[in-house]
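Structural features, examined
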Amino acid sequence: MTAAQTPQKHYRSCNICEAMCGLEVSHRDGAVVSIRPDRQDPFSRGHICPKAVALQDFHIDEDRVRTPLRRTADGWQPIGWEQAFTEIGQRVRAIQQQHGADSVGVYLGNPNAHNLGSALFLPRFQKTLGSRNRYSSASADQLPHHVAASQMFGAGLAIAVPDIDRTDFLLIIGANPAVSNGSLMSAPGMPARLKAIIGRGGRVVVIDPRRTETAKLASEHFAIRPEADALLLCALIRTIIDDGRVDLGDVADMVDGYATLDAATADFTPERVAGAVGISAADIRRLARAFAAAPSAVCYSRMGASTQSFGGLCQWLTVALNVISGNFDRAGGAMFPLPALDLLARVPRSDPALRKPPRSRVRGLPGYSGEFPVATLADEILTEGDGRIRALFTIAGNPVLSAPGGDRLDGALARLDFMVAVDIYLNETTRHADIVLPATTGLEIAQYDVYFNSFAVRNTAKYSPPLFAARGAQRHDWQILKGLMACLGAAEDSTTPEDLLDAALRAGPYKDLGLSLDALLAHPHGIDLGPLRPCARARLRTPDGRIRLAPALFVDDLPRLRAALDADSATRRDYPFRLIGRRLIWNHNTWTHNARRLLKGAGPITVQLHPDDARRLGIADGQLVTVRARSGRLRLPAELDGDIAPGVVSIAQGWGHDRPGIGMRHAAAQPGASINSLTDDARIDPLTGNAAFNGTPVALDPD
Ligand SMILES: Nc1nc2c(c(=O)[nH]1)N[C@H]1C(S)=C(S)[C@@H](COP(=O)(O)OP(=O)(O)OC[C@H]3O[C@@H](n4cnc5c(=O)[nH]c(N)nc54)[C@H](O)[C@@H]3O)O[C@H]1N2
Ligand SMILES: Nc1nc2c(c(=O)[nH]1)N[C@H]1C(S)=C(S)[C@@H](COP(=O)(O)OP(=O)(O)OC[C@H]3O[C@@H](n4cnc5c(=O)[nH]c(N)nc54)[C@H](O)[C@@H]3O)O[C@H]1N2
Ligand code: SF4
Ligand SMILES: [Mo]
């Protein structure tokens, strides 16, 4: 073989999900030959999932947007970057001059969190735009974790993750990491890690209305009623307290509020909650005792416990359970990572109790970290008055399919005076834009994971240069953001993401090891910085460095939880089922569906229900049914599945590519249906403003 024919190897981290798997990409003449796991990556150690292989498909996808596009009466017109920026600058400045800075909103989607340049330049863009109308997918996702961390530890980024490779007992509530690969717990290869816990004599217990792929790997599974998790957590805490098994462990001298927690949970006994939770009092006690007795244990709760009406309470109680069982900040428990680019250390110390959140204009929902809940974005566009959103930037987001009440938002976007989308596709959201700005993605970008190293189960650092140049006129997201800042009047500078990364590494916790961009470039597989270590004392951001075990914000929300013990029978009559979502191993959210190799694995999008429920309603497997909710309806095939709890139905999230005007031909050929045509933007966790997808009341009508 000549040199030109020999495939070359490129090493990088996959940036699709939070697992940050190391990839070995063989390529020749600008084309991918293979994408395999990088066994030398110190973080993922040879794990990848099927989605990584599709990175090559996104690169060559003919449906990618290649040049800036401008909406005209005759369809999309390709335009140059200068023209696009000039027009955006004129329109946005005119709207802000006439209607105020807040009349231009921003929605940021999930891929921004997986992109070095976006993570570093978005704060600058937001500052330039100067609008308080900021939204993101965080409020359809992990916002309760941030609110709990902020209240208890002084900073929303102070999220302790399960020390999964050393724990003796992992209690998983409302997460399916065997499919999702872990979230707010970056841990590639979750199935093997779960098996390893059991293999070393430990236990994995899963709490989920569905006997999930994760539950099938676990030691034990309990089918909980949707949205009953906060009740269960209260009863677990109650049992440990009543048994006299409280042990604050190594952080005992740092904990405030234990007596308040004790008093606030006094009446949530296992007997009191068992009926609403759907797990017997004896089982709840047994679970609490096993958790408290394990040499080390950690409770991990995620989407199922955060995107629901009690998301804030769930995340608070999860941390509280870890603290009172002596499992906080210790090996095998819940621990703070120490990432090389350390965002947490930059957060100024402040008193969480003194932080008064701003309120959104229309519904008065709480803001968090400069953003309002996406559940009220449609209200802010549709409701007349000062501060109404008239123009919108969507950056790497598809809220028409991802936000609660997505169909209402779809209608609202059509009413905007002006919209700009920074994206890679023409999809359900970006089709509403006046100007679409095409970004690079995947193999075309430079990557260092700014966010998810902060939530990783091992400390490592890795920089991946771009493999391929863009195939069209696409620009990097950070370059687009710079163009937008310039057209809005900001002074131009020549800073690159690499400049900012290098400076942060040199000032970070591993500066004494000489960590810098050059050091990362010399280690293309990544650098191992070791297992998690106890470090809470140094990382807490409360002014006094103490842990607030029972912040008033949460304690004051408990009466609402108590009221839920007596279920609402009127809703039950009209909408007898509770809807929950799920993820599929072959797809990521709404946007990977144009890769045919991933579509093949997905199959039809169905509504899963228990065979007993199906029999009662006369529904056969595969039969079309209409699922009805207060705010919408969907027609899709039924899938009978004994793994789902009776009274509960499940629909995969992220689908519904059947709307006109989308440019993703393969996705449109296998469109599925959008679960967010059924979810309701009025259903939120009022404490945090997070979307309450789980537990949406629905009815089923067979055809
Ligand atoms: N019912 C229900 N709804 C849910 C969920 C659920 O479980 N159930 N999950 C929620 C969760 S956890 C999340 S994170 C949100 C996700 O919500 P969103 O972030 O709104 O949705 P995504 O599908 O991630 O959309 C990503 C968008 O970015 C574009 N894109 C992809 N890569 C790039 C890139 O490199 N640059 C740019 N500029 N654009 C890019 C895609 O084309 C797509 O338009 O959905 C939430 N919605
Ligand atoms: N393959 C794949 N992986 C992904 C993604 C993807 O789209 N596809 N998306 C990524 C993103 S953005 C995120 S945020 C993560 C999310 O990762 P996870 O948090 O693991 O989210 P899900 O897989 O949606 O699992 C949520 C689980 O909660 C259960 N559940 C629903 N309602 C309730 C309830 O009321 N109580 C309890 N206890 N459980 C309930 C559901 O049945 C489901 O099993 O996954 C990431 N990884
Ligand atoms: S698990 Fe996530 S990071 Fe790993 S290969 Fe799959 S999509 Fe990429
Ligand atoms: Mo997410």
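Now for a description of the structure that goes with this document. Model, not experiment: these values are computed from the prediction.

Quick notes on the overall build of the protein chain
- Counting secondary structure elements, the protein chain contains 27 helices and 26 strands.
- Taken over the C-alpha trace, the protein chain has a radius of gyration of 24 Å; the compact-globule value for 703 residues is 27 Å, and the two agree within 12%.
- Each principal axis of the C-alpha distribution contributes one length, and for the protein chain these read about 70 × 65 × 55 Å.
- Within the span of the protein chain, comprising 703 residues, buried residues form 63% of the whole.
- Summing over all exposed atoms, the protein chain offers an accessible surface of approximately 24800 Å²; the carbon and sulfur share of this is 51%.

Some details on the environment of glutamine 308
- Tracing the chain through its elements places glutamine 308 in the loop between helix 13 (303–306) and helix 14 (311–324).
- For glutamine 308, a relative accessible area of 0% translates into the label buried.
- A distance of 2.8 Å separates the side chain of glutamine 308 from the side chain of aspartate 229, its partner in a polar contact.

Quick notes on the site of ligand 3
- Around ligand 3 lies a shell formed by Cys14, Ile16, Cys17, Ala19, Met20, Cys21, Ile48, Cys49, Lys51, Ala52 and Asn181.
- Of the residues that constitute the shell around ligand 3, the class distribution is nine nonpolar, one polar and one charged.

A look at the packing of aromatic side chains
- For the structure on display, the rule yields 10 aromatic pairs.
- Here phenylalanine 58 and tryptophan 591 contribute two aromatic rings whose centre-to-centre distance is 5.1 Å and whose plane-to-plane angle is 45 degrees, an arrangement assigned as tilted. With phenylalanine 58 in helix 2 (residues 55–60) and tryptophan 591 in the loop between strand 21 (577–582) and helix 25 (596–602), the pair connects residues that are 533 residues apart, well separated along the chain.
- Judged by relative accessible area, phenylalanine 58 falls into the buried class, the value being 2%.

Concerning the site of ligand 2
- Every one of the 34 residues lining ligand 2 counts as a neighbour, but Ser180, Asp208, Asp229, Asn587 and Asn589 are closest to it.
- In the environment of ligand 2, an oxygen atom lies 3.2 Å from a nitrogen or oxygen atom belonging to the backbone of methionine 303.
- In isolation ligand 2 exposes 920 Å². Once the protein is present, 98% of that is buried.
- Where the shell around ligand 2 is concerned, the elements lending two or more residues are helix 6 (177–180), helix 13 and strand 21.
- Per-element tally for the shell around ligand 2: the top contributor is helix 6, with three residues.
- Looking at the shell around ligand 2 residue by residue, the class counts come to 12 nonpolar, 14 polar and eight charged.

Comments concerning helix 7 (residues 190–199)
- Of all the residues in helix 7, the buried ones are Met190, Arg193, Leu194 and Ile197. Take helix 7 and look down its axis: the buried residues cluster within an arc of 100 degrees, on one side only. Opposite the packed face of helix 7, turned more than 90 degrees from it, sit the exposed residues Ala192, Lys195 and Gly199.
- Contact partners of the buried residues in helix 7: strand 9 (169–173), helix 6, strand 10 (203–207) and helix 8 (213–217).
- Count one or two residues on from helix 7 and you reach glycine 201, which has phi positive near 90 degrees.

Quick word on the sheet that holds strand 1 (residues 8–13)
- Strand order in this open sheet of three strands is 1-2-3, and the pairing throughout is antiparallel. Edge positions in the open sheet fall to strand 1 and strand 3 (31–37), since each of these has one partner strand only. Averaged over all neighbouring strand pairs, the angle between strand axes comes to 25 degrees, with direction disregarded.
- Direction of pairing for strand 1 relative to strand 2 (residues 22–28): antiparallel, over a ladder of six bridges. Across the sheet, residue tyrosine 11 finds its bridge partner in strand 2, namely glutamate 24.

Considering the packing of helix 3 (residues 81–99) against helix 18 (residues 477–487)
- It is the contact of helix 3 with helix 18, at a shortest axis distance of 8 Å, that shows an interaxial angle of 50 degrees. Between helix 3 and helix 18, the angle is such that the two are oblique. Like other packed secondary-structure pairs, helix 3 and helix 18 cross with a definite hand, here right-handed. Contact residues: Trp81, Phe85, Ile88, Gly89 and Arg93 in helix 3; Ile480, Gly483, Leu484 and Cys487 in helix 18.
- Tallied by class, residues from the contact of helix 3 with helix 18 come to six nonpolar, two polar and one charged.

What to know about the pairing of strand 10
- Most of strand 10 is tucked away: four of the five residues are buried.
- Bridge count between strand 9 and strand 10: five bridges; the pairing is parallel. Paired with phenylalanine 169 across the two strands is arginine 203, which belongs to strand 10.
- Note that strand 10 and strand 11 (residues 220–222) share three bridges and pair parallel. What sits directly across from valine 206, in strand 11, is histidine 221.

Reading the values: rules and limits
Residues numbered from 1 in each chain as written. Chains lettered and ligands numbered in written order. Predicted model: local features only at pLDDT ≥ 70, side-chain atom pairs only at ≥ 80, totals over all residues. Heavy atoms only, no water. Helix = DSSP H or I, 4+ residues; strand = E, 2+ residues; numbered from the N terminus. Rg over C-alpha atoms; globule rule 2.2 N^0.38 Å. Buried < 20%, exposed > 50% of the residue type's maximum accessible area, 1.4 Å probe, protein only. Areas by Shrake-Rupley, 256 points an atom, 1.4 Å probe, with all protein chains shown as cover. Polar contact = N/O pair within 3.5 Å; in protein donor to acceptor, adjacent residues only side chain to side chain. Near = heavy atom within 4 Å. Nonpolar A, V, L, I, M, F, W, Y, C, P; charged D, E, K, R; others polar. Phe/Tyr/Trp six-rings, centres within 6.5 Å; stacked < 30°, edge-to-face > 60°. Arc of directions from axis to C-beta. Contact = heavy atoms within 4.5 Å. Pairing = 2+ DSSP bridges. Axes fitted to C-alpha atoms, helices over the stretch in contact; angles between N-to-C directions. Parallel < 35°, antiparallel > 145°, perpendicular 65-115°, else oblique. Left-handed = near helix turned anticlockwise from the far one by under 90°.

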